[in-house]
Amino acid sequence: MQRNTLFDLGLSETDEEAYRYILRHLGVTAKELADALDFPMAEEIIKRLVDLGLVHQKSPDGQVAAYPPVSAMEALIDRQLHDLHERLRRTTACRHVIDTYMDIWLNEPREQQSDQAQTLGVERLEGIENIRSRLDDLMFFARSEVLCAHPCGPMSPEALADARPRDALLLKRGVVMRSILHTSALSDPLTTNRLREIVAVGAQARVSDAHFDRMLIVDRRKALLPIDPDDTTRGALLVHEPGVVAGSVALFEHIWESAQDLEDVIADDEEPKPELQDIEREVLTTLCQVDKDEIGARQIGVSVRTYRRHVSDLMRRLGASNRFQAALLARDRGWI
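Quick caveat: nothing in here was measured; it's all calculated off a predicted structure. (Residues numbered from 1 in each chain as written. Predicted model: local features only at pLDDT ≥ 70, side-chain atom pairs only at ≥ 80, totals over all residues. Heavy atoms only, no water.)

Asks: Can you help me understand the overall build of the protein chain in this one?
Replies: Across its full length, the protein chain carries 15 helices and ten strands. Sorting the 336 residues of the protein chain into buried and exposed places 39% on the buried side. Sequence-distant contacts in the protein chain: of pairs separated by 6 or more residues, those separated by 24 or more amount to 65%. Of the roughly 19,900 Å² that the protein chain leaves accessible, carbon and sulfur atoms contribute 53%. (Helix = DSSP H or I, 4+ residues; strand = E, 2+ residues; numbered from the N terminus. Buried < 20%, exposed > 50% of the residue type's maximum accessible area, 1.4 Å probe, protein only. Contact = heavy atoms within 4.5 Å. Areas by Shrake-Rupley, 256 points an atom, 1.4 Å probe, with all protein chains shown as cover.)

What follows is the structure, given as structure tokens:
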């Protein structure tokens, strides 16, 4: 029996072996499948493969044929993503339970509680790993809104990579994201492109020339602020006190009102779209369709070396950090 390579997509070894067999034959009946692979439950297996979108009825006499692997795998992936989204929705819908238990915990005195736990109005965080861990918690349990002010110019590639999965999860859950960055951040193509990415999928972003401090506010209930705005390496304070949080929200809104919309600023500075050669457009198209250079090169009829040279040049022109991002940015800019 073939090694099960599609387990993570919901197929058993028997399902996968049956699909492989049907893929190699133009038309297969349940009896033929049972005889060929010694599957006594062949009819049930075929029904399951039909339900999964891997095979379809070919003729009235019960013959089935396999869908092409690309569309079949996409159907499996879509099903898994849908199931994961539903699980995530049901799980996050239970977040209100945390508040119930926190109320019990806060109102029940304990001799062994730390000084920090007894005074939960302000939580001191030191060390980048501790801050990132707490930040992950805050983002995971965010319910409705995240406000972020980033005053320090371009974001590092590490920070951009660290934020990408958190941002995607928040936006998928319908959390409102508003970010303010200093205008100097737009001097970096990676930062600019990342901002355009998240704006394209629902986030809001503005830029400002004003001086402001770093802040992150979650659901207007918690604010993450630097211990020392002039030296962020000293750590951060996670503030729960309503008065301090309300003041932080008011400051954010004041900066937001006077800031410029990201797309307006970029449109003012944007150069005309570059003319693309036909082969460059073909390379960008293959980046959206295949994940191996050899396949892409063969598809457009060039050598792998030539294909890779075009990919590298296009990534540089787009300011993309990887090929997948290059394909997204090319679509956003209307290059393909």
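Asks: Quick question: what am I supposed to make of the pattern of salt bridges here?
Replies: For the structure shown, the criterion picks out 18 salt bridges. In this structure, Glu123 and Arg134 form a salt bridge, with 3.0 Å as the shortest nitrogen-oxygen distance. Of the two residues, Glu123 is situated in strand E3 (residues 122–125) and Arg134 in helix H7 (residues 128–140); the sequence distance between them amounts to eleven residues. Among the residues examined, Glu123 registers a relative accessible area of 10% and is labelled buried. For Arg220, the salt bridge identified is with Glu145, shortest N-O distance 2.7 Å. Taken together, the residues Arg220 in the loop between strand E7 (215–218) and strand E8 (222–226) and Glu145 in strand E4 (residues 145–150) connect sequence positions 75 residues apart. Several salt bridges converge on common partners, so that one network encompasses Glu145, Arg178, Arg220 and Glu253. (Salt bridge = Lys/Arg side-chain N within 4 Å of Asp/Glu carboxyl O.)

Asks: How should the environment of Ala72 be read in this particular structure?
Replies: Mapped onto the elements of the fold, Ala72 is located in helix H4 (residues 69–92). C-alpha of Ala72 to C-alpha of Leu52: the two residues are 20 residues apart in sequence and 8.4 Å apart in space. If we skip the residues at most four places from it in the chain, Ala72 touches Tyr19, Gly53, Leu54 and Tyr67.

Asks: Explain the nonpolar core here, please?
Replies: Grouped burial of nonpolar side chains is what soluble globular proteins tend to show. Counting residues in hydrophobic clusters, the biggest one holds 26 residues, and the most contacted among them are Met139, Val146, Leu170, Leu195, Leu216, Leu224 and Leu262. Listing elements by their share of this core, those giving two or more residues are H7, helix H8 (157–172), strand E5 (176–182), helix H9 (189–200), strand E6 (204–208), E7, strand E9 (236–239) and helix H11 (262–269). Considering every element that reaches this core, the biggest residue donor is H7, with four residues. In this structure Met139 touches Val146, Arg166, Leu170, Arg173, Leu216 and Val218, once residues within four positions along its chain are discounted. With 23 residues, the next largest nonpolar core counts Leu11, Ile22, Ile45 and Ile46 among its residues. (Core = buried A, V, L, I, M, F, W, Y, C linked by side-chain atoms within 4.5 Å.)

Asks: So what exactly am I meant to see when it comes to the packing of helix H13 (residues 293–300) against helix H14 (residues 304–318) here?
Replies: The relative placement of two packed helices comes down to the angle between their axes together with the axis-to-axis distance. In contact at an axis separation of 9 Å, H13 and H14 are set at 100 degrees when each is read in the N-to-C sense. When the interaxial angle is binned, H13 and H14 end up roughly perpendicular. Facing H13, whose interface residues are Asp293, Glu294, Gly296, Ala297 and Ile300, H14 presents Val304, Tyr307 and Arg308. Its residues assigned to classes, the contact of H13 with H14 comprises four nonpolar, one polar and three charged. (Axes fitted to C-alpha atoms, helices over the stretch in contact; angles between N-to-C directions. Parallel < 35°, antiparallel > 145°, perpendicular 65-115°, else oblique. Nonpolar A, V, L, I, M, F, W, Y, C, P; charged D, E, K, R; others polar.)

Asks: What is the right way to read the packing of aromatic side chains from this model?
Replies: Any pair of aromatic rings gets described here by the distance separating the centres and the angle formed by the planes. For the coordinates displayed, the defined rule picks out two aromatic pairs. Plain terms: the ring middles of Phe140 and Phe141 are 5.0 Å apart, the flat faces sit at 90 degrees to each other, and that makes the pair edge-to-face. Residue Phe140 is classed as partly exposed on the basis of its relative accessible area, which comes to 33%. Accessibility expressed as a relative area gives 36% for Phe141, which makes it partly exposed. Both rings, one in Phe252 and one in Trp256, keep their centres 6.0 Å apart while their planes meet at 20 degrees; by these two values the pair is stacked. (Phe/Tyr/Trp six-rings, centres within 6.5 Å; stacked < 30°, edge-to-face > 60°.)

Asks: Is there a simple way to think about a nonpolar patch on the surface in this case?
Replies: Nonpolar side chains collect at one region of the surface, where Ile77, Leu81 and Leu84 lie side by side and expose about 270 Å² of accessible area between them. Secondary-structure assignment places Leu81 in helix H4. (Patch = residues over 30% accessible without salt bridge, like charges linked within 9 Å, V, L, I, M, F, W, Y side chains within 5 Å.)

Asks: In this structure, what is going on with the sheet that holds E4? I would like to understand it.
Replies: Through backbone hydrogen bonds, the strands of a sheet pair up, either in parallel or in antiparallel fashion. If you trace the eight strands from one edge of the open sheet to the other, you get E3-E9-E8-E7-E4-E5-E6-E10, paired in mixed fashion. Only two strands of the sheet have a single neighbouring strand rather than two, namely E3 and strand E10 (260–261). Pairing of E3 with E9, which is carried by four bridges, proceeds in the antiparallel orientation. By the bridge assignment for E9, Leu125 is matched with Ala236. Contacts from H7 reach E3, E4, E7, E8 and E9, with the element oriented near 35 degrees to E7. (Pairing = 2+ DSSP bridges.)

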